[in-house]
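Listed below are the residues making up each chain.
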Amino acid sequence: MHEAENISTPEPTDGGAEPTENPYYARISARLRWAKYLCVLLTVAAALLFLFAYRTNITYENLRYLLRDVDEAGNAGRAADSFAYTAADTNFLLPFRGDLAVCSSSGVTLYRAAGGRTFEDSLRFEAPVAEASDKYMVVYDIGGTSYALYNSISRVFDGKTDSPIFDCAVADGGSSAVLTRAATGGFRIRTYSKNFDLTGELTRSGYVSDIGFLADGRLYICESSVSGASLVTTLSLYTPGHDSLDCTVTAGGFAYRCGSLGDGFYLLTSSTLTFFDKTGEKTFSTSFGTSEILLADGTADGVAVYVDENVSGADCAVYAFFADGTSLSSPAPRGARSLLLAGRKVCLLAEESLAVYDGSTVQQTATASGGRQLLRLGNVVLVCYDDRAERISLH
């Protein structure tokens, strides 16, 4: 039998007394505690001061403005095959920040990629029209005097004009512009900052058919007028806040479409398509001769048109011209309802089919009857009907 092993332990040197408090660290702890109380007191005092000094500016509208750049959580997820909405003659559809915006006489509704509603706002419109940038959307009553600015979760501004609205535009940075009739004749364009302050006002004597913002933030103004016996379109670029126009370009015919293209911009009229660099120098031009432009679409990559060749027995045709200098063309059937440029492919919607042209082949996809419009939504194409929109993937 073995005896238990004895393990010795060191004896305490302080006789088992409790450890004493270090005066240095005690002072530091007390100072930190008082500093914490002082910070809390100053924070409460500052909050009370701001609430009292700026109480008139603390409104629901300003709180909505603070949320103008906040994205709706949960936009990612399984994409729905279709969007369902209420059919109405006044419906205006457009893609906005990955959602489908449906603007009607009763308000604005955003449908997310998974099919649910992201946002809904009740607002009365007689004939709603909308324009969207990467961050903002402006909805206005064509011929009315009211407009509203939205982000993806809220209405951030309500505007009123003293004369009928003909067009509105909004830039990626939040700047906006409103086109109305001028009291002395012609048209008046007012530009506003992202804080909704007036930054500029222009008056134009020609018929202004379109305004919008280029990718670099400059405002373009497209107007047509008669010069001698000819119709001429003038496209002017303006930096909000400046005293004069940046540059002006002209082309024959009536204005059809214009917008950003690569580092520059394009101008499509009833007779010609012209590309310009950012300074207004012409880089490309083509004429459509006696052909009549029936449909057109443009992106930063290029411009596509669907034309009637005006030749007895001939079909129509699609043409696309790209910023890198390439192009495509193909015969196309008559009776198309909508045209869309998706990347380097041209989509043409007919009564019960969607044709996709890539320059070498034509891909046909059957669709339900009643399709009215094509829209881009991310990497897919939407075929829009009276009461729904259906996704079609391009392969």
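Everything that follows concerns the structure shown earlier in this document.
Here the structure is a predicted model, which is why all the values come from computation and not from measurement.

The rules behind each value
- Residues numbered from 1 in each chain as written.
- Predicted model: local features only at pLDDT ≥ 70, side-chain atom pairs only at ≥ 80, totals over all residues.
- Heavy atoms only, no water.
- Helix = DSSP H or I, 4+ residues; strand = E, 2+ residues; numbered from the N terminus.
- Contact = heavy atoms within 4.5 Å.
- Areas by Shrake-Rupley, 256 points an atom, 1.4 Å probe, with all protein chains shown as cover.
- Pairing = 2+ DSSP bridges.
- Axes fitted to C-alpha atoms, helices over the stretch in contact; angles between N-to-C directions.
- Salt bridge = Lys/Arg side-chain N within 4 Å of Asp/Glu carboxyl O.
- Buried < 20%, exposed > 50% of the residue type's maximum accessible area, 1.4 Å probe, protein only.
- Core = buried A, V, L, I, M, F, W, Y, C linked by side-chain atoms within 4.5 Å.

(A) Main features of the overall build of the protein chain. For the protein chain, the helix and strand inventory stands at 2 helices and 32 strands. Once local pairs closer than 6 in sequence are excluded, the contacts in the protein chain between residues at least 24 apart make up 38%. Surface accessibility of the protein chain: about 21,400 Å² in total, with carbon and sulfur atoms responsible for 52%.

(B) Focus on the sheet that holds strand S9 (residues 155-160). The 4 strands lie next to each other as S6-S7-S8-S9, forming an open sheet whose pairing is antiparallel. The sheet terminates laterally at strand S6 (128-132) and S9, the two strands that pair on one side only. Here the strands of the sheet are splayed against their neighbours by 20 degrees on average, with no regard to which way each runs. Strand direction decides the pairing type here: strand S7 (residues 137-141) and strand S8 (residues 146-150), joined by 4 bridges, are antiparallel.

(C) Representation of the pattern of salt bridges. Here the structure, examined in full by the defined rule, presents 14 salt bridges. Arg257 is the salt-bridge partner of Asp297, the closest N and O atoms lying 3.3 Å from each other. Here Asp297 is found in strand S22 (residues 292-298), whereas its partner Arg257 is found in strand S18 (residues 255-261), with 40 residues between them in sequence. Taking the relative accessible area as the measure of exposure, Asp297 reaches 5% and is therefore buried. Of the charged contacts, one joins Asp387 and Arg388 as a salt bridge, the two residues approaching to 3.3 Å between their closest N and O atoms. Using a relative accessible area of 34% as the deciding quantity, one classes Asp387 as partly exposed. For Arg388, a relative accessible area of 25% gives the class partly exposed. Salt bridges linked by common partners bring Asp121, Arg155 and Asp158 together as one network.

(D) Quick look at the nonpolar core. Of all hydrophobic cores here, the largest spans 16 residues; its most connected members are Tyr306, Val318, Leu339, Val346, Leu348 and Tyr357. Listed by contribution, the elements that provide at least two residues to this core are strand S23 (302-308), strand S24 (316-322), strand S25 (327-332), strand S26 (338-342), strand S27 (345-349) and strand S28 (353-357). For this core, the leading source of residues is S24, giving 4 residues. With near-sequence residues (within four places) excluded, Val346 lies in contact with Ala304, Val318, Ala320, Leu328, Leu339, Leu340, Leu341, Ala355, Val356 and Tyr357. Residues Phe96, Leu123, Ala130 and Tyr150 belong to the second largest nonpolar core, which totals 14 residues.

(E) Molecular detail of the sheet that holds S22. Strands sit in the order S22-S23-S24-S25 across an open sheet of 4 strands; the sheet is antiparallel. The open sheet is flanked by S22 and S25, the only strands paired with a single partner. Neighbouring strand axes in the sheet, compared pairwise and without regard to direction, differ in orientation by 15 degrees on average.

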